[in-house]
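Residues per chain are reported as follows:
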Amino acid sequence: MVCGIGLMITMGFLMDEFEKKTYEHRELELMRMTELALNTINPIIQKYNQGFSSKEDTSYRIQSTDEGN
C-alpha cells in the first residue's frame, strides 16, 4: 500500500515536470518564430524609414512575406 502511494506521488511529480518542460519548449519555439518574423520584416521597414521604399510598396512586401514570396 505504501509502495503504491509512493509510486503515485512519483508519477504525479514526473507528469508535472513533463508538463513544465513542454510549456518551456513551446515558449522557446514561439520566441524563435517571433525573432525570425522580425528579422524578415525589419529590413523592409528600415528601407521605408530611409526613404528607399514607398508606403504601398512596403506594405505589399510585408504582406507578401507571409505568402513565402
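About the thresholds
- Note on numbering: residues in each chain are counted from 1, in written sequence order.
- In keeping with the model being predicted, local features are shown solely for residues with a pLDDT of at least 70 and side-chain atom pairs are shown and tallied solely at 80 or more, while totals for entire chains, interfaces and linings include all residues.
- For the side-chain quantities, the full set of heavy atoms in the structure was used; hydrogens and water were omitted.
- Put simply, DSSP H or I for four residues or longer makes a helix, DSSP E for two residues or longer makes a strand, and each gets a number counted from the N terminus.
- Summary of the burial criterion: residues with accessible area below 20% of their type's maximum are buried, those above 50% are exposed, and those between are partly exposed, where the area comes from a 1.4 Å probe applied to protein chains only.
- Counting rule for charge: Lys and Arg are taken as positive, Asp and Glu as negative, and neither His nor the chain ends is counted.
- A charged residue contributes its charge at one atom only: NZ of Lys, CZ of Arg, CG of Asp or CD of Glu.
- A pairing counts as a salt bridge when a side-chain nitrogen of Lys or Arg comes within 4 Å of a carboxyl oxygen of Asp or Glu.
- A 3.5 Å cut-off defines polar contacts: any pair of N or O atoms within that distance qualifies, except that in protein one atom must be a possible hydrogen donor and the other a possible acceptor, and neighbouring residues in sequence count only when both atoms are side-chain atoms.
- Throughout, a residue-residue contact means that at least one pair of heavy atoms, one from each residue, lies within 4.5 Å.

**Student:** So what about the overall build of the protein? Which residues, and what values?
**Tutor:** If you tally the helices and strands in the protein, you get two helices and zero strands. Buried residues in the protein amount to 6% of all 69 residues. Averaging the locations of the 7 positively and 11 negatively charged side chains of the protein gives two centres separated by 5 Å.

**Student:** Tell me what's going on with the pattern of salt bridges, and back it up with residues and numbers.
**Tutor:** Applying the stated criterion across every chain, the model contains two salt bridges. A salt bridge links glutamate 17 to lysine 20; the nearest nitrogen and oxygen atoms lie 3.7 Å apart. Residue glutamate 17 and its partner lysine 20 are both found in helix α1 (residues 2-49); the two are separated by three residues, about one turn of the helix. On the basis of relative accessibility, which here comes to 48%, the residue lysine 20 falls in the partly exposed class. In this structure, glutamate 29 engages arginine 32 in a salt bridge whose closest nitrogen and oxygen atoms are separated by 2.8 Å. Taken as a pair, glutamate 29 and arginine 32 lie in helix α1 at a separation of three residues, close to a single helical turn. We classify arginine 32 as partly exposed; its relative accessible area is 45%.

**Student:** Hey, could you go over the side chain of serine 53 for me, with residue numbers and the actual values?
**Tutor:** Here serine 53 is to be found in the loop between α1 and α2 (55-65). Of note is the side chain of serine 53, whose polar atom sits 3.0 Å from the side chain of aspartate 57. For serine 53, the side chain forms a polar contact with the side chain of threonine 58, separated by 3.0 Å. Apart from residues lying up to four places away in sequence, serine 53 is in contact with Lys47, Tyr48 and Thr58.

**Student:** Before we move on, can you summarise the environment of threonine 58 with the specific residues and values?
**Tutor:** Looking at the element boundaries, threonine 58 is found in helix α2. Sequence-wise, threonine 58 and arginine 26 are 32 residues apart; in three dimensions their C-alpha atoms are separated by 31 Å. In this structure threonine 58 touches Ile44, Tyr48 and Ser53, once residues within four positions along its chain are discounted.

**Student:** Can you explain the environment of glutamate 56? Please cite residues and give values.
**Tutor:** Structurally, glutamate 56 can be placed in helix α2. Along the sequence, glutamate 56 and isoleucine 5 sit 51 residues apart, while their C-alpha atoms lie 66 Å from each other.

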